[in-house]
Amino acid sequence: MSKALTYLAKTRPEAATHLLGFYKHSVQALDEKTRHLIQIVTKVTVGTERGLRQYAPKALKAGASREEILDAVLMAFPAAGLNKVLDAIEIMREMDLLPEIPDNAPVTTVNNRLGSLNDFPLQRMHCLQHSTGNLIVFRSQADHVTVYSALCPHSKANLCQGTDHGTRVECRVHNWTFDLTTGQCLEPADGAGLKIIPSMVRDGELFLSDVTRA
Ligand code: FES
């Protein structure tokens, strides 16, 4: 049970009893694995990372294969759209819930141009969806830019959905806070820093340095 439901069960016990009773008794014909796979579809569709992290491991535990979990994510596509599906795939890959990329998968060369320097405001977080993953671009000086992976080093949440404090970003899941000028974790002080993605500036354009696979 989530912390929020536990809270409701204590502060509004009558309402929570009916709510929990609905969850418990409304679905009778579906087996546990199917229920959890459907939960994945709904969590991807509404874009709730917390729900996805809660139900996807349950599907695996109930006997779903990684291929079936990937199918469930993709089934959300018509209602969720591409961005939510890609976000979910990123989270699930970090949780090791999806099939491995086969050794004979085709290598794809991707466009490694991120944009013109002027596209990135000074001293502000700028998020990009790239085929290699979500990125944070931070332009600290006119011609100095750092590119970070947007995955929180704590538990892989998307920092682009965190709180933008200008030169700092705060993860919305457990509130780790990072200095975007250095990538260091400020809170907690001993937390891991952001992963820097190698990049370069050429003729006023920003590129990733080493992109070989989508
Ligand atoms: S996932 Fe970001 S602080 Fe925990």
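Overview of the structure. As a convention, each chain's residues are numbered from 1 in the sequence order in which they are written. In keeping with the model being predicted, local features are shown solely for residues with a pLDDT of at least 70 and side-chain atom pairs are shown and tallied solely at 80 or more, while totals for entire chains, interfaces and linings include all residues. Computation of side-chain values covers all heavy atoms of the structure but excludes hydrogens and water.

Before going further, it helps to examine the sheet that holds strand S2 (residues 125–130). Taken in spatial order, the three strands of this open sheet run S2-S3-S4, and their pairing is antiparallel. The sheet is open, and its two edges are formed by S2 and strand S4 (144–149), each paired on a single side. Ignoring which end each strand starts from, the neighbouring axes of this sheet average 30° apart. We call two strands paired when DSSP finds no fewer than two bridges between them. Runs of H or I in DSSP of at least four residues are treated as helices and runs of E of at least two as strands, each being numbered from the N terminus. Helix axes are fitted to C-alpha atoms over the stretch in contact, other axes to C-alpha atoms as well, and angles between N-to-C directions run from 0 to 180 degrees.

Any Lys or Arg side-chain nitrogen located within 4 Å of an Asp or Glu carboxyl oxygen qualifies as a salt bridge. Applying the stated criterion across every chain, the model contains six salt bridges. With its nearest N and O atoms 2.4 Å apart, the salt bridge here joins Arg113 to Glu205. Pair noted here: Arg113 is in strand S1 (residues 113–116) and Glu205 is in strand S10 (residues 205–208), with a separation of 92 residues, a long-range link. Three or more residues are tied together by salt bridges with common partners; here these are Glu49, Arg53 and Arg172.

Here the focus is the packing of helix H5 (residues 66–75) against helix H7 (residues 82–94). At a minimum axis separation of 9 Å, H5 and H7 run at an interaxial angle of 155°. Judged on the interaxial angle alone, H7 and H5 are roughly antiparallel. In this structure, the crossing between H5 and H7 has a hand that is right-handed. For the pair H5 and H7, the contacting residues are Ile69, Leu70, Val73 and Leu74 in the first and Val85, Ala88, Ile89 and Met92 in the second. Note on residue classes: Ala, Val, Leu, Ile, Met, Phe, Trp, Tyr, Cys and Pro are nonpolar, Asp, Glu, Lys and Arg are charged, and everything else, Gly too, is polar. In terms of residue class, the contact of H5 with H7 is built from eight nonpolar, no polar and no charged. Roughly parallel refers to an angle under 35 degrees, roughly antiparallel to one over 145, roughly perpendicular to one between 65 and 115, and oblique to any angle outside these ranges. Crossing handedness follows the turn of the near helix against the far one: under a right angle anticlockwise gives a left-handed crossing, and clockwise gives a right-handed one. Contacts were defined at the residue level, with two residues in contact if any of their heavy atoms lie within 4.5 Å.

Here, two cysteine sulfur atoms that lie within 2.5 Å of each other are counted as a disulfide. This model, assessed by the stated rule, comprises one disulfide. Between the sulfur atoms of Cys127 and its disulfide mate Cys160 the distance is 2.3 Å. Between Cys127 and Cys160, the S-S torsion sits near -105°, and that sign places the bridge as left-handed. Remark: Cys160 occurs in the loop between S4 and strand S5 (163–164) and Cys127 occurs in strand S2; sequence separation between them is 33 residues. Categorising residues by exposure relies on relative accessible area from a 1.4 Å probe, with only protein chains included: less than 20% of the type maximum marks a residue as buried, more than 50% marks it as exposed, and the intermediate range marks it as partly exposed. Residue Cys127 is classed as partly exposed on the basis of its relative accessible area of 31%.

A word on the packing of aromatic side chains. Two aromatic rings, drawn from Phe, Tyr or Trp (for Trp, its six-membered ring), form a pair once their centres lie within 6.5 Å of each other, and the interplanar angle then sorts them: stacked below 30 degrees, edge-to-face above 60, tilted otherwise. Taken as a whole, this structure holds one aromatic pair when the rule is applied. Seen in terms of ring centroids, Trp176 and Phe178 are 6.4 Å apart; in terms of plane orientation they differ by 45°. Their pairing is tilted. For Trp176, a relative accessible area of 17% translates into the label buried. In this analysis the charged atom, NZ for Lys or CZ for Arg, is taken to sit over a ring once it is within 6 Å of the ring centre and within 35 degrees of the ring normal. The ring of Phe207 carries the charged tip of Arg202 above its face, separated from the ring centre by 4.8 Å.

To continue, consider the pairing of strand S3 (residues 133–141). Summarising burial for S3: eight of the nine residues are buried, a large majority. Bridge count between S3 and S4: six bridges; the pairing is antiparallel. The residue bridging Gln141 from the neighbouring strand is His144, located in S4. Between S3 and S4, which follow one another and run antiparallel, lie two residues.

Our focus in this paragraph is H7. A helix is expected to span 1.5 Å multiplied by its residue count minus one. Along its 13 residues, H7 runs 18 Å from first to last C-alpha, staying within 8% of the 18 Å computed at 1.5 Å per residue. Every buried residue of H7 is listed here: Val85, Asp87, Ala88, Glu90, Ile91 and Met92. Those residues of H7 hidden inside the fold are in contact with helix H3 (32–46), helix H4 (49–61), H5, helix H6 (77–80), S2 and S3. In the segment just after H7, Asp96 is the residue with positive phi, at about 60°.

Along the chain, Ala4 turns up in helix H1 (residues 3–11). For the pair Ala4 and His130, spaced 126 residues apart in sequence, the C-alpha to C-alpha distance is 34 Å.

Glancing now at the nonpolar core. Generally speaking, nonpolar side chains in soluble globular proteins are found buried as a group. Counting 19 residues, the largest nonpolar core has Leu37, Ile40, Val44, Leu52, Ile69, Val73 and Met92 as the members making the most contacts within it. Counting residues per element, the ones that place at least two in this core are H3, H4, H5 and H7. Sequence-distant contacts of Leu52, defined by excluding residues within four places in its chain, comprise Ile40, Lys43, Val44, Pro57, Ala88, Ile91 and Met92. Ranked by size, the runner-up nonpolar core spans 15 residues in total, among them Ile136, Cys152, Ala157 and Phe178. Residues belong to a common nonpolar core when they are buried Ala, Val, Leu, Ile, Met, Phe, Trp, Tyr or Cys residues joined through side-chain atoms within 4.5 Å.

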